[in-house]
Amino acid sequence: QVQLVEAGGGLVQPGGSLRLSCAASGFTFSMYAMSWYRQAPGKERELDARITSVAGSTTYADSVKGRFTISRDNAKNTVYLQMNSLKSEDTAVYLCNALRLSKLGRDDYWGQGTQVTVSS
């Protein structure tokens, strides 16, 4: 059974930091690109950061470049999102995604999300 379990969300003041984690099970983690998305009330889901499966290359949304860092530990089947210099507009539910594209098709898994609230 595939599971993605996010943790680390909470309430933080503007300018503060949080580290999110996403623990994966039920699939070969190292073969999947891992991403963090956010979804704020009334808004579409947005990609914040992605890390590839093999090379570990990273890409970021312009809005989080220089503030967020995505990383992965394939030995622990876990992906992280270090969030620094948080702003009120970062308030959202943060969701973990696992994606693999192959000749057989697309495997796409989602976690339930963790709430991040940035407020004074």
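Residues numbered from 1 in each chain as written. Predicted model: local features only at pLDDT ≥ 70, side-chain atom pairs only at ≥ 80, totals over all residues. Heavy atoms only, no water.

(A) Up close: the sheet that holds strand 1 (residues 3–7). Across the sheet, four strands lie side by side as 1-3-8-7; this open sheet has antiparallel pairing. Across the chains shown, the open sheet's two edge strands, defined by having one partner strand only, are strand 1 and strand 7 (68–73). Geometrically, the sheet is characterised by an average inter-axis angle of 15° between neighbouring strands, direction not taken into account. The pairing of strand 1 with strand 3 (residues 18–25) spans five bridges and is antiparallel. Paired with L4 across the bridge in strand 3 is A24. (Pairing = 2+ DSSP bridges. Helix = DSSP H or I, 4+ residues; strand = E, 2+ residues; numbered from the N terminus. Axes fitted to C-alpha atoms, helices over the stretch in contact; angles between N-to-C directions.)

(B) A look at the environment of Y94. Relative to the helices and strands, Y94 is located in strand 9 (residues 92–102). Overall, the relative accessible area of 0% leaves Y94 in the buried class. Sequence separation of Y94 and S63 is 31 residues, and the distance between their C-alpha atoms is 15 Å. Sequence-distant contacts of Y94, that is, excluding residues within four places in its chain, are made with E6, L20, W36, Y37, R38, D48, F68, L81, M83, G113, T114 and V116. (Buried < 20%, exposed > 50% of the residue type's maximum accessible area, 1.4 Å probe, protein only. Contact = heavy atoms within 4.5 Å.)

(C) Looking closely at the pattern of salt bridges. All told, the structure shown has five salt bridges when counted by the stated rule. Taking the shortest distance from any N to any O, the salt bridge between D48 and R38 comes out at 3.0 Å. Of the two residues, D48 sits in strand 5 (residues 46–51) while R38 sits in strand 4 (residues 33–39), which places them 10 residues apart along the sequence. Like R38, D48 is buried. For the salt bridge of R38 with D90, the shortest nitrogen-to-oxygen distance reads 3.1 Å. One end of the pair, R38, is in strand 4; the other, D90, is in the loop between strand 8 (78–83) and strand 9, and 52 residues separate them in sequence. There is no split in this pair, since R38 and D90 are both buried. Among the ionic contacts, a cluster of salt bridges with common partners joins R38, D48, R67 and D90. (Salt bridge = Lys/Arg side-chain N within 4 Å of Asp/Glu carboxyl O.)

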